[in-house]
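Listed below are the residues making up each chain.
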2 protein chains.
Amino acid sequence: MNAASRGRPRHTDRSRTDLTAPEEILQAAAELFTQHGYAATSTRRIAESVGMRQASLYYYFPTKDAILAELLNDTVQRPLECHEALRALDLAPEVHLHALCSADCTQLWTSPWNVGVLCLLPEVRTERFAEFRSGRTALRLTYRELSARVLAALPAPRAEDYVPDPAADVVFRLTETLPNLRSDGLGADRQPGRISDLALHVLGWRGDWDRLRAGSARALRAAGA
Amino acid sequence: MNAASRGRPRHTDRSRTDLTAPEEILQAAAELFTQHGYAATSTRRIAESVGMRQASLYYYFPTKDAILAELLNDTVQRPLECHEALRALDLAPEVHLHALCSADCTQLWTSPWNVGVLCLLPEVRTERFAEFRSGRTALRLTYRELSARVLAALPAPRAEDYVPDPAADVVFRLTETLPNLRSDGLGADRQPGRISDLALHVLGWRGDWDRLRAGSARALRAAGA
């Protein structure tokens, strides 16, 4: 350890060298939090895992909570940004909802570590995670609004049809089942697409599924997602 | 502290006197685990919260993991027992599934503490929780089998219908959304019934919903649940 590096980030000896130092910290923390638990992981252990001094880690993240907050914020900010990009395309509501749900589920499903399981930790109810919680609420209400638009465009239901209340947030809740599926080591290859199909199905949408999937994929390409 | 009580449970000074000592320990632990976190809660703190010496707590539960295992086992053993009682009634598959789902969701929704959020903890992947995990798998496969029976009894789907794969365990996953809903402080009065309705809806069942709900409630009374 040399004196010049004290309190400053080290940029050598890291195992994941294609990442920036904060990205490396986030990825190492995601692994430790999901594999060993949040409370059981110290900032010292995170620093060791990236080959960095603890003081250097604090240069990027003042606290362990700040690392978790960044990991969790990312899980809601990315789909919210995707929603904005999709909005500019002026899509039919079922295509917009399917595309948003696919993008959201793909990140929950393919991120290096299953960070989604961390959002129910009691720590996350504290003030330090207010930004994450408000982003998560915004995402939930985005799904609710899109669901209401899909429902409004459907033919009138028959007596034997069940019509979910948009306020039950069923599509948002379906996306939240992915961390559980991942944690169980289950799920199909096309799992994110399956959840998106299920989202439209549960709202009572019926039609040409291949066409819907193709339109959704096209929208995501156009949105740069 | 008197010598006679050493290593033996104390039966006085407890705040929840209608419960047995192990029940009190379980309830206090459920509160602390869900409100402050599992890793952050010591057996000492649990013992203090029920007004018991730590040595007395160990008389009932050898480890903290044993307390969590008992709490989690209960969440799967109760619906599995309910399933056995329903099986004796020889019900139509949609009634059986609706009733099981209602009983399962009611316990997840109305238990004093939201214990369902604890099943994704990394600790739960260890050998000590093997019994819970195998019970949870049994419950998941019970939902899968009942879902397959409901699907088999439906009229042939039309091209525009989406038919969920029973292997996707969508009904089991819907029940797992309740801990998230509870954690968010959201959900309707009839939330367990809503999830049961949604379970049948998602499988594509259509019919007289009031009759289904009445049959399900009757079956649960007959099953003593």
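Preceding block: the structure.
Owing to the predicted nature of the structure, the values given are computational and were not obtained by experimental measurement. Residue indices follow the written sequence of each chain, beginning from 1 at its first position. As they are written, the chains are lettered A onward and the ligands numbered 1 onward, keeping that order. Predicted model: local features are reported for residues with pLDDT of at least 70 only, side-chain atom pairs are reported and counted for 80 or more only, and whole-chain, interface and lining totals are derived from all residues. To obtain the side-chain values, all non-hydrogen atoms of the structure were included, while hydrogens and water were left out.

**Some thoughts on the packing of aromatic side chains**
Between 30 and 60 degrees the pair is tilted, below 30 it is stacked and above 60 it is edge-to-face, where a pair is any two Phe, Tyr or Trp rings, Trp via its six-membered ring, whose centres lie within 6.5 Å. Applying the stated criterion across every chain yields a total of ten aromatic pairs over all chains. Between Tyr143(A) and Phe172(A), the ring centres sit 6.3 Å apart and the planes meet at 45 degrees, which makes this aromatic pair tilted. Remark: Phe172(A) occurs in helix α7 (residues 170-175) and Tyr143(A) occurs in helix α6 (residues 130-152); sequence separation between them is 29 residues. Using a relative accessible area of 1% as the deciding quantity, one classes Tyr143(A) as buried. A network of ring pairs unites the aromatic residues Tyr162(A), Trp205(B) and Trp209(B) as a single cluster. Its guanidinium or amino end placed over the ring of Tyr38(A), Lys64(A) lies 4.3 Å from that ring's centre, counting from NZ or CZ. Numbering of helices and strands runs from the N terminus, with a helix taken as a DSSP run of H or I at least four residues long and a strand as a DSSP run of E at least two residues long. Here the term buried applies to any residue with accessible area under 20% of the maximum for its type, exposed to any over 50%, and partly exposed to those in between, with areas from a 1.4 Å probe on protein chains only. Two thresholds decide whether a charge sits over a ring: the Lys NZ or Arg CZ must be within 6 Å of the ring centre and within 35 degrees of the ring normal.

**Some words on the interface of chain B and chain A**
Counting from both sides, the interface comprises 41 residues of chain B and, opposite them, 41 residues of chain A. By buried area we mean how much accessible surface two parts lose on assembly, using a 1.4 Å probe and totalling the loss over both. Summed over both partners, the interface of chain B with chain A comes to about 3700 Å²; 55% of that surface belongs to carbon and sulfur atoms. Per-residue buried area on chain B facing chain A is highest for Leu120(B), Tyr162(B) and Arg173(B); these three make up 19% of the total on that side. Each reported salt bridge corresponds to a side-chain nitrogen of Lys or Arg within 4 Å of a carboxyl oxygen of Asp or Glu. At the boundary of chain B with chain A, the tally comes to eight salt bridges. For the salt bridge of Asp165(B) with Arg194(A), the shortest nitrogen-to-oxygen distance reads 3.2 Å. Polar contacts, as counted here, are pairs of nitrogen or oxygen atoms within 3.5 Å of one another; within protein the pair requires one atom able to donate a hydrogen and one able to accept it, and residues that are adjacent in sequence qualify only if both atoms are side-chain atoms. Linking chain B with chain A are 18 residue pairs in polar contact (both at pLDDT 80 or more). Pairs of residues are marked as contacts when any of their non-hydrogen atoms sit within 4.5 Å.

**Topic: the relation of the copies chain B and chain A**
Fitting of the copies onto one another was done by least squares over C-alpha atoms, counting residues only where both copies have pLDDT of at least 70. Superposing chain B onto chain A takes a rotation of 180 degrees plus a shift of 0.0 Å along the axis, which leaves an RMSD of 0.0 Å. Interpreted geometrically, this transformation is the action of a two-fold axis. Comparing contact sets, 100% of the residues at the interface of chain B also lie at the interface in chain A, consistent with an isologous, same-surface contact.

**Side note on helix α1 (residues 21-36) of chain A**
Note on helix geometry: an α-helix contains 3.6 residues per turn, so any two residues three or four positions apart are oriented the same way. All names here are of chain A. Between its first and last C-alpha, α1 extends 22 Å over 16 residues, near the 22 Å set by a 1.5 Å rise per residue. For α1, every residue scored as buried is listed here: Ala-21, Glu-24, Ile-25, Leu-26, Ala-28, Ala-29, Ala-30, Leu-32, Phe-33 and Thr-34. Turning to α1, the residues buried within the fold contact α2 (43-49), α3 (54-60) and α4 (64-87). Gly-37 sits one or two residues past α1 and shows a positive phi near 105 degrees. Take the residue count of a helix, subtract one, and multiply by 1.5 Å to get its expected span.

Any link to function would need more than the numbers given here.
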